[in-house]
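What the coordinates show
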Amino acid sequence: MASYRVAAAAAALAAAFLCCLTVSSAAPSETTTACPSNITPAKPGAGASPSKGGTYTTKYDNVNVDMILHNERLLKNYIDCLMERRTCSREGQLLKEIIPDALQTECSRCSEKQKQIAGHIMSYLLQYKKHYWDELLCKYDPEGKFREKYEVDEDDEEDDE
């Protein structure tokens, strides 16, 4: 039963990450240097087939994603899967297949809950695990076009002062 919970939480993380690059209104990575040569950009593809109704599966939307975010071993396993440094679980493999489609369609197949979870995950990665976030961006947005599209003007934050 515990392994099912871990797998379900991992799948929720996977579903939410695919939304992170497309629905975020957070500032892009501060890193302006080129991606390391050992990171091979993901190939654009058709992505995973959506479930009925044209959306990605929502069966993991209510899982506590913080369980993975705060467990370095689990989080690293999924990052390594996405970066093709290790074999993926079913959930990780699904994520690798969905990300290119989600980016191309601006996460139009994501549920509202997945979009909310994505914001939470992205905030956590940017604040506490920036090296993982930067790697994922190099892999899944090597040209920076999605980061640029969803970038927030830094002057917007200063208007509140």
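Model, not experiment: these values are computed from the prediction.

About the thresholds
Here, residues in each chain are numbered from 1, in the same order as that chain's written sequence. Side-chain atom pairs in this predicted model are given and counted only at pLDDT of 80 or more, local residue features only at pLDDT of at least 70, and totals for whole chains, interfaces and linings cover all residues. The side-chain values count all of the structure's non-hydrogen atoms but skip hydrogen atoms and water molecules. Each helix corresponds to a stretch of at least 4 residues labelled H or I by DSSP, and each strand to a stretch of at least 2 residues labelled E; elements are numbered beginning at the N terminus. Buried residues are those whose accessible area, probed at 1.4 Å on protein chains only, stays under 20% of the maximum for their type, while exposed residues exceed 50% and partly exposed ones sit between those limits. Each residue carries a pLDDT value, the predictor's own confidence for that position, ranging from 0 to 100. Any two residues whose heavy atoms approach within 4.5 Å at even a single point are treated as in contact. By disulfide we mean two sulfur atoms from cysteines, separated by a distance within 2.5 Å. We call a set of buried residues a nonpolar core when its members are Ala, Val, Leu, Ile, Met, Phe, Trp, Tyr or Cys and they connect through side-chain atoms within 4.5 Å of each other. Lines are fitted to the C-alpha atoms to define the axes, a helix being fitted only along its stretch in contact, and any angle between axes, read from their N-to-C directions, falls within 0 to 180 degrees. In these notes the angle categories are as follows: under 35 degrees is roughly parallel, over 145 is roughly antiparallel, 65 to 115 is roughly perpendicular, and the rest is oblique. Crossing handedness follows the turn of the near helix against the far one: under a right angle anticlockwise gives a left-handed crossing, and clockwise gives a right-handed one. Residue classes follow a fixed rule: Ala, Val, Leu, Ile, Met, Phe, Trp, Tyr, Cys and Pro count as nonpolar, while Asp, Glu, Lys and Arg count as charged, and any other residue, Gly among them, counts as polar.

1. Observations concerning the environment of Asp134
Tracing the backbone through its elements, the reader meets Asp134 in helix H6 (residues 130-140). Residue classification places Asp134 among the buried residues on the basis of a relative accessible area of 18%. As a C-alpha pair, Asp134 and Cys35 span 99 residues in sequence and 8.5 Å in three-dimensional space.

2. Some points on the confidence of the model for the protein
When pLDDT is averaged across the protein, the result is 72; 65% of the residues are at 70 or more. The low-confidence segment residues 1-12 (pLDDT under 50) makes 19 contacts with residues lying over four places distant or belonging to another chain. This model gives residues 21-32 a pLDDT under 50, and the stretch forms 32 contacts once residues within four places in sequence are excluded.

3. Quick look at the state of the cysteines
Using the criterion set out here, one finds 3 disulfides in the structure. The disulfide that involves Cys35 links it to Cys138, with 2.1 Å between the sulfurs. In this structure, the disulfide formed by Cys35 and Cys138 twists by about -90 degrees around the S-S bond and is classed as left-handed. Taken together, the residues span a long stretch of sequence, with Cys35 in the loop between helix H1 (2-23) and helix H2 (66-69) and Cys138 in helix H6 at a distance of 103 residues. For Cys138, a relative accessible area of 11% corresponds to the buried category. Paired through a disulfide, Cys107 and Cys110 show a sulfur-sulfur distance of 1.7 Å. Torsion about the S-S bond of the Cys107 and Cys110 cystine: about -75 degrees, corresponding to left-handed handedness. Indicated for the protein is the disulfide connectivity 1-6, 2-3, 4-5, based on numbering the bonded cysteines in sequence order.

4. A few points about the nonpolar core
Counting residues in hydrophobic clusters, the biggest one holds 24 residues, and the most contacted among them are Leu75, Leu125 and Leu136. Membership of the second largest hydrophobic core comes to 5 residues, among which are Tyr56, Ile98, Ala102 and Cys110.

5. Structural notes on the packing of helix H3 (residues 72-82) against H6
At a minimum axis distance of 10 Å, the contact between H3 and H6 shows a crossing angle of 20 degrees. With respect to H6, the axis of H3 lies roughly parallel. The handedness of the crossing between H3 and H6 is left-handed. Between H3 and H6, the contacting residues are Glu72, Leu75, Lys76, Ile79 and Leu82 on the first element and Tyr132, Glu135, Leu136, Lys139 and Tyr140 on the second. Here the contact of H3 with H6 is composed, by residue class, of 6 nonpolar, no polar and 4 charged.

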